[in-house]
Amino acid sequence: MLESIVLRRVLLGIAALMGAAAILLALFLADTDDNDVTVTGNAAVDELIPPRNAEVLSQETVGIDLAVGYDARLTINGVEIPPGQIRHLPNLNRFTFRPDQGKAIESLRAEQNCVLVTYWRQEVGPADSDTISWCFSAS
């Protein structure tokens with residue numbers, strides 16, 4: 001009888017430890033999940049570059065990866081990037097801008113930077129557009 005009580009307490013202790021470990025693991029995995037609801041829930045947007053709340057260097061490439069059939073305009077920190085300074089990779093439908101001397105933005109701010117992308121289906125044109133915005137930090 002005493003052995004069964006001791007065995008029950010040991011098993012309950014082990015179960016409690018395993019439960020605590022599972023909770024800690026779940027919290028750790030939830031904290032590292034970088035899924036962005038505005039991206040995963042948006043059929044037009046494949047990726048934000050850099051991701052929301054990222055920390056990057058001041059010369060980092062900024063842009064968006066869109067689904068096939070979309071076009072975009074980029075505005076960074078309130079400055080609209082001229083179309084001639086946006087690099088478009090048609091096979092990925094990625095629109096990017098890299099700050100540099102002589103460009104609309106020579107370097108990202110050494111603090112929070114915010115991007116506003118206006119995007120639209122190419123067959124419809126910019127008159128029927130949507131926007132997505134996000135911020136990140138640069139150093």
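Residues numbered from 1 in each chain as written. Predicted model: local features only at pLDDT ≥ 70, side-chain atom pairs only at ≥ 80, totals over all residues. Heavy atoms only, no water.

K.L.:
Hey, could you run me through the overall build of the protein chain in this one?
P.N.:
Within the protein chain, the secondary structure is distributed over two helices and nine strands. The helix and strand sequence of the protein chain, counted from the amino end, reads α-α-β-β-β-β-β-β-β-β-β. In the protein chain, once contacts between residues fewer than 6 apart in sequence are set aside, the share between residues at least 24 apart is 58%. For the protein chain, the exposed area adds up to about 9200 Å²; of that, 56% sits on carbon and sulfur atoms. (Helix = DSSP H or I, 4+ residues; strand = E, 2+ residues; numbered from the N terminus. Contact = heavy atoms within 4.5 Å. Areas by Shrake-Rupley, 256 points an atom, 1.4 Å probe, with all protein chains shown as cover.)

K.L.:
How do you make sense of the pattern of salt bridges when you look at a structure like this?
P.N.:
Between side chains of opposite charge, pairing is possible as soon as their charged atoms come close. A full pass over the atoms with the stated rule returns four salt bridges. Linking R94 and E47 is a salt bridge whose minimum nitrogen-to-oxygen distance equals 2.9 Å. With a gap of 47 residues between them, R94 in strand β7 (residues 94–97) and E47 in strand β1 (residues 45–49) connect regions that are remote in the sequence. Here E47 falls in the partly exposed class, since its relative accessible area comes to 33%. Look at the salt bridges and you will find they share partners, linking E47, D65 and R94 into a network. (Salt bridge = Lys/Arg side-chain N within 4 Å of Asp/Glu carboxyl O. Buried < 20%, exposed > 50% of the residue type's maximum accessible area, 1.4 Å probe, protein only.)

K.L.:
Looking at this structure, how should I read the sheet that holds strand β3 (residues 62–66)?
P.N.:
The pairing of strands in a sheet comes from backbone hydrogen bonds and takes either a parallel or an antiparallel form. The sheet built from four strands is open, its strands ordered β1-β3-β7-β6 with antiparallel pairing. Here the strands that pair on one side only, and so sit at the sheet edges, are β1 and β6 (87–89). With direction set aside, neighbouring strand axes in the sheet form an average angle of 15°. With four bridges joining them, β3 and β7 adopt antiparallel strand pairing. Counted as the bridge partner of V62 is F97 from β7. (Pairing = 2+ DSSP bridges. Axes fitted to C-alpha atoms, helices over the stretch in contact; angles between N-to-C directions.)

K.L.:
How do you make sense of the nonpolar core when you look at a structure like this?
P.N.:
Grouped burial of nonpolar side chains is what soluble globular proteins tend to show. Of all hydrophobic cores here, the largest spans 27 residues; its most connected members are I64, V117, Y119 and I132. Mapped onto this core, the elements with two or more residues apiece are β1, β3, β4 (70–76), β7, β8 (112–121) and β9 (130–138). (Core = buried A, V, L, I, M, F, W, Y, C linked by side-chain atoms within 4.5 Å.)

K.L.:
Looking at this structure, I do not really get the environment of D71. What am I missing?
P.N.:
Relative to the assigned elements, D71 resides in strand β4. Along the backbone, D71 and W120 are 49 residues apart, and their C-alpha atoms lie at a distance of 5.6 Å. Beyond its immediate sequence surroundings of up to four residues, D71 is in contact with L66, F95, T118, Y119, W120 and Q122.

K.L.:
What's the story with the state of the cysteines in this structure? I'm lost.
P.N.:
Note: disulfide means a covalent bond formed between the sulfur atoms of two cysteine side chains. Under the definition given, this model contains one disulfide. There is a disulfide in this structure between C114 and C135, and the S-S distance comes to 2.0 Å. Where C114 bonds to C135 through sulfur, the torsion about that S-S bond is close to 105°, and the disulfide is right-handed. With C114 in strand β8 and C135 in strand β9, this pair connects stretches of sequence that are 21 residues apart. On the accessibility criterion, C114 (28% relative accessible area) is partly exposed. (Disulfide = S-S within 2.5 Å.)

Nothing here speaks to function; it is all geometry.
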